[in-house]
Amino acid sequence: MKNVIAYIEHKHGTIRRSSLEAATQARAIADQLGGKAHAVVAGDGAQQAAETLKKYPLDQIHVMEEERFIDGAVDAVEAVAKSSGPSLVLVGNTMIGRDVGSRFAARVDCGINADVVDFKTEGGEVSCVMPKLGGLVITTCKLTGSDYGVAAIRPNVFAAKETPGAGEIVQIPSSGKASTVTVEDEVEEAAAELGVEEASVVVSGGRGMGGPEPFTTILKDLADAFGGAVGASRAAVDAGWVSHGHQVGQTGKTISPQLYIAVGISGAIQHKVGMRTSETIVAINKDAGAPIAEFADLLVAGDAFAIVPELTKLVRDAKAVHA
Amino acid sequence: MKILVTVKLVPDTNADKRIDPATKRLVRTGVETVLNPFDEYAIEAALQLKEKLNDGSTVTIVSMTPASGKEIVRKALAMGADDAVMLSDDAVAGSDLWGTAVALAATIKAQSPDLVVTGTQSTDAISGDLPGMLAEKLGIPGLTYARKLEVDGGRVRVQRETETGYMTVSAPLPAVVSVTKSANEPRYPSLKGIMGAKKKEIKQLAAADIGLTVAVGTDGAKAQLTDLATPPARAKGHVIQAPDAAEGAKAIVQFLKDRKFL
C-alpha cells in the first residue's frame, strides 16, 4: 500500500466533519508511505464538495456526480483504487462510511478494520490501532494479503486541518449501471444537529432524569452551551425517553468525545463500554458511591436538576468572556 | 419465502470482562456466552414478517460458530425460527471480517434465501461491517439500518435510519437487510417454544460442505492481529459532595477551566 484514498461523505455538497478528518489523515499516512493522498466524492453535490476539499492537503479529488445510493460511491472508490494502485481506503466509522467501506472491502477482497483510532506504518505496511471491548484492550491489526485495505476511522479522534494541497479535480465518468436500490423519499425528523459520535462534547442522561423532558430541556441546554450533543444510557432509551440514535453503550454507540458529562447515570458496565475512552469524564449524580465514581475524572454528588442549569449558565458566561 | 437470519455468539454484555495479563486473552471463565443482543431484533423482524405474510414462509437461523454454540442457536429456535444451519469448522476459526463474510456468504448461498436479515452489529466486534459485506459477496442489494421493513410484490422496502430522520429505500429480492434496535421489541421464548426448539433441526456444516475454496480463518486473515495491549487503568477521580447546587456547578467549571475546556 502506498496511496491513501479518503471517501468523502456529504449531504448535497456539505461535507461531514468525520470526512474532513479522513481527508487530513489521508495526507499524513500517504506521506509516511511515500504515496499520494486522494479523495473520492460521489453523488448529488459532489462538485461543490470537491471545491471545499481544495482547502485540505490532497493531491487529487475525484468526483462522480452520478447518484446511486451506496453503489455509486463504492463504484467510485473502486475506480480510483484501481487507477491509483495499492491503496489504503479511509472512511468515517459512520452509517454511510461503514456501508461504503465494507462493500469495497468485500468487492476487492481486502482486509477491513473498524473503529480505528491510530495508525502505524512500517515497511510500506499499514497497521490500525483499535480499542476493543470498550477500551479494555487496545488491538493492533496489520492490513495484509491484498493490494488494498480499509480503515473506518472513529469520528473525533483525528484532527481536520485546512492546509491546501495540489487539489487537482478529476472527473470520474458515470458508470452507466442501473441502480439496484431505489431511494423513494427522505424525511427529516430532527433539526440537523451534530451526532453523538461526532460531537467533541457529549452531555448524557440516564435513569436519574426521571422522564423524557430533561433531555430536550436541561441536558440540551448544557450540550448547546458547549456546541455538543445529547446522549443517553440504555435505561433512558429503553424507557422511551429518548431515541435509540442517542444511546451510548454496548448496544448503542461507542464514542470518544473530548468531554463527556454523565448526568444521573450510574455507570453500569454496559454504559462504561461505550464511553470509557472519552478524554475527560465528569459525572453529576446524587449517589457519590455510584459505579461511575470509579472511572469519572470528577464526580459531583448532588441534585442534577439544580446543578445542570446552574452549570449551563456558568459555561455560557465563561464562553461569552472568551468570545 | 425463505428468510435467513444470521446470529452470533458473544460474551455476556453485562459481564465485566477482564484480560489475563499473562496470556493477553479474554478471561472466559465465568463469562457466559449469549446470543448477540442486536441479533434478537433481526430474529423478531423475520418472525413478524413470516407471521404477516402467513404464506408458509420459513425462518432459518444461520451461524458461524463452534459446535459448543448449539445451545445459543437453540434460543433463536425457541423464539420461533423453524430450523438452523451452523458452520462449525476449525478452518474458519479466527476469521477476520473478510473471512467471516466469505464463509458466511457461502453458507447463506447454499440455502438460496429470498431474504437475509441481520442485526446491525455485534456487541463484541462492534464493526457494523458484515451486512454490507454479505450483500456484496452474495451479489444482491443490501439495505442497512432498517427500523421498519415490509415485503411486497417481490420487493423489500425499508425505512433506513439516518442521523436526522429516515429514508425509504427499496430493492428487489433477494436482498440483505440489517435491522436496528428501533425496529421492534424482541419476544421472549415461550415455554412451548423452548420445548419445541429441542425437536427442531440444527444442521451442522463443515467448510467442505459449502465449497469454500479460499483460505479464511486465522491464517487467511487480511487484517491480522499483531498486538494486544491493556491500556493503563483510568485513575480514580475526585468526588465532591455538593449539597449546594451553585457550589457544585462552580466546582465543575473550575475543573473545566483547569483542563482548558473553558
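Before going into details, it helps to say that this report is about the structure given with it. (Residues numbered from 1 in each chain as written. Chains lettered and ligands numbered in written order. Predicted model: local features only at pLDDT ≥ 70, side-chain atom pairs only at ≥ 80, totals over all residues. Heavy atoms only, no water.)

1. Thoughts on the overall build of chain B
Rules: Starting at the N terminus, helices and strands are each numbered in turn, a helix being any DSSP run of H or I of at least four residues and a strand any DSSP run of E of at least two. For every residue, the accessible area obtained with a 1.4 Å probe (protein chains only) is divided by the maximum for its type, and the residue is called buried under 20%, exposed over 50%, and partly exposed between those limits. Per-residue and other accessible areas were derived by the Shrake-Rupley procedure at a 1.4 Å probe size, with only the shown protein chains allowed to occlude residues.
Each helix and strand in chain B was counted, giving seven helices and 13 strands. Seen through its C-alpha atoms, chain B measures out along the principal axes to roughly 65 × 45 × 40 Å. In chain B, which comprises 262 residues, the share counted as buried stands at 55%. Of the accessible surface of chain B, which amounts to about 11,800 Å², a share of 51% is contributed by carbon and sulfur atoms.

2. A look at the state of the cysteines
All names here are of chain A. Formally: The term disulfide is used for any two cysteine sulfur atoms that are within 2.5 Å.
Following the criterion strictly, the structure yields zero disulfides over all chains and no others. The thiol of Cys110 is unpaired, and the distance to the nearest cysteine sulfur, on Cys128, comes to 11 Å. Note on Cys110: relative accessible area 0%, which makes it buried. Cys128 carries a free sulfur, and the closest cysteine sulfur to it, the one in Cys141, is 7.7 Å from it.

3. Brief notes about the nonpolar core
Just so we agree on the cut-off: As used in this record, nonpolar core signifies buried Ala, Val, Leu, Ile, Met, Phe, Trp, Tyr and Cys residues forming a set joined through side-chain atoms within 4.5 Å. A contact between two residues is defined here by any heavy atoms of the two lying within 4.5 Å.
Counting residues in hydrophobic clusters, the biggest one holds 80 residues, and the most contacted among them are Phe104 of chain A together with Ile61 of chain B. The element best represented in this core is helix α1 (residues 37-53) of chain B, accounting for seven residues. Not counting chain neighbours up to four residues away, the residues in contact with Phe104 of chain A comprise Val74, Val77, Glu78, Ala81, Val89, Cys110, Tyr148 and Val150 of chain A. Listed in part, the 37 residues of the second largest apolar core include Leu259 and Val282 of chain A together with Ala249 and Val253 of chain B.

4. Describing the packing of helix α3 (residues 71-84) of chain A against helix α4 (residues 95-108) of chain A
Residue and element names in this part refer to chain A. Where we set the bar: Lines fitted to C-alpha atoms define the axes, with helix axes restricted to the stretch in contact, and inter-axis angles between N-to-C directions lie between 0 and 180 degrees. Under this scheme an angle from 65 to 115 degrees is roughly perpendicular, one under 35 degrees roughly parallel, and one over 145 degrees roughly antiparallel; angles in between are oblique. By convention, the crossing between two helices is left-handed when the near helix turns anticlockwise from the far helix through less than a right angle, and right-handed when the turn is clockwise. Each residue gets one of three labels, nonpolar for Ala, Val, Leu, Ile, Met, Phe, Trp, Tyr, Cys and Pro, charged for Asp, Glu, Lys and Arg, and polar for the others, Gly among them.
Where α3 meets α4, the axes come as close as 9 Å, and the angle between the chain directions of the two elements is 55 degrees. Relative to α4, the element α3 lies oblique. By crossing handedness, the relation of α3 to α4 is classed as right-handed. Between α3, through Asp71, Ala73, Val74, Asp75, Val77, Glu78, Ala81 and Lys82, and α4, the contact on the second element is made entirely by Val100, Arg103, Phe104, Arg107 and Val108. Of the residues that constitute the contact of α3 with α4, the class distribution is seven nonpolar, no polar and six charged.

5. Looking at the pairing of strand β10 (residues 137-143) of chain A
Residues and elements named next belong to chain A. Using the following cut-off: Criterion used throughout: strands pair if DSSP finds at least two bridges between them.
Burial of β10 is extensive: five of the seven residues sit out of reach of the surface. As paired elements, strand β9 (residues 125-132) and β10 share seven bridges and run antiparallel to each other. Bridged to Val129 within β10 is Thr140.

6. Details of the sheet that holds β10 of chain A
Think of a sheet as strands paired side by side through backbone hydrogen bonds, with each pair either parallel or antiparallel. Pairing within the open sheet is antiparallel, and its four strands lie in the order β8(A)-β9(A)-β10(A)-β12(B). The open sheet terminates on both sides in strands that have one partner only, identified here as β8 (118-122) of chain A together with β12 (223-229) of chain B. Geometrically, the sheet is characterised by an average inter-axis angle of 25 degrees between neighbouring strands, direction not taken into account. As defined by bridge partners, β10 of chain A adjoins β12 of chain B across six bridges and the pair is classed as antiparallel. Its bridge partner being in β12 of chain B, Thr140 of chain A is matched across the sheet by Asp227 of chain B.

7. Points about a nonpolar patch on the surface
Residues and elements named next belong to chain B. Put simply, the rule reads: Excluding any residue in a salt bridge, patches collect residues exceeding 30% relative accessible area, merging like charges within 9 Å and nonpolar Val, Leu, Ile, Met, Phe, Trp and Tyr side chains within 5 Å. The term salt bridge refers to a side-chain nitrogen of Lys or Arg lying within 4 Å of a carboxyl oxygen of Asp or Glu.
A contiguous nonpolar patch, built from Leu191, Ile194 and Met195 and spanning about 310 Å² of accessible area, is present on the exposed surface. Among the structural elements, Leu191 can be located in helix α5 (residues 191-197). Relative accessible area serves as the criterion here: at 65%, Leu191 is assigned to the exposed category.

8. Here we look at the interface of chain B and chain A
For clarity, the cut-off: Once two parts are brought into contact, the accessible area they lose, counted with a 1.4 Å probe and summed over both, makes up the buried area. Polar contacts, as counted here, are pairs of nitrogen or oxygen atoms within 3.5 Å of one another; within protein the pair requires one atom able to donate a hydrogen and one able to accept it, and residues that are adjacent in sequence qualify only if both atoms are side-chain atoms.
Across the boundary between the two partners, chain B contributes 82 residues, which contact 89 residues of chain A. For chain B, the biggest contributors to the area lost against chain A are Thr164, Lys222 and Arg234 of chain B; these three give 11% of the whole. Linking chain B to chain A there are seven salt bridges. Taken together, the links from chain B to chain A amount to 33 residue pairs in polar contact (both at pLDDT 80 or more). Element by element, the count of residues in the side of chain B that touches chain A is highest for helix α7 (residues 245-258) of chain B, at 11 residues. A breakdown of the residues in the side of chain B that touches chain A according to their chemical character gives 39 nonpolar, 23 polar and 20 charged.

9. Regarding the sheet that holds strand β4 (residues 58-64) of chain B
Spatially, 10 strands are ordered β13(A)-β9(B)-β8(B)-β7(B)-β10(B)-β6(B)-β1(B)-β4(B)-β5(B)-β11(B) in an open sheet, and the strand pairing comes out mixed. The sheet terminates laterally at β13 (182-188) of chain A together with β11 (202-205) of chain B, the two strands that pair on one side only. Neighbouring strand axes in the sheet, compared pairwise and without regard to direction, differ in orientation by 30 degrees on average. Pairing of β4 of chain B with strand β5 (residues 83-87) of chain B involves five bridges; the strand directions are parallel. Bridged to Ser63 of chain B within β5 of chain B is Met86 of chain B. With respect to the sheet, helix α3 (residues 97-109) of chain B is in contact with β1 (2-7), β4, β5, β6 (115-119) and β11 of chain B, its orientation differing from that of β4 of chain B by roughly 150 degrees.

10. Section: the packing of aromatic side chains
Rule in force here: Only Phe, Tyr and Trp rings take part, Trp by its six-membered ring, and two of them pair if their centres are within 6.5 Å. Stacked means planes under 30 degrees apart, edge-to-face means over 60, and tilted covers everything else. Should the NZ of a Lys or the CZ of an Arg lie within 6 Å of a ring centre and within 35 degrees of the ring normal, that charge is described as sitting over the ring.
Following the criterion strictly, the structure yields two aromatic pairs over all chains and no others. Where Phe104 of chain A meets Tyr148 of chain A, the ring centres are 5.9 Å apart and the plane angle is 75 degrees; that geometry is what we call edge-to-face. Here Tyr148 of chain A lies in strand β11 (residues 148-153) and Phe104 of chain A lies in helix α4, a separation of 44 residues in the sequence. In this structure, Phe104 of chain A and Tyr148 of chain A share a single accessibility class: buried. Ring centres of Phe119 of chain A and Phe158 of chain A lie 5.6 Å apart, and the angle between their planes is 35 degrees; on these two criteria the pair is classed as tilted. With a gap of 39 residues between them, Phe119 of chain A in strand β8 and Phe158 of chain A in the loop between β11 and β12 (168-171) connect regions that are remote in the sequence. Exposure class is identical for Phe119 of chain A and Phe158 of chain A. Each is buried. Note that Lys222 of chain B overlies the ring of Trp98 of chain B, its terminal NZ or CZ placed 4.6 Å from the centroid.

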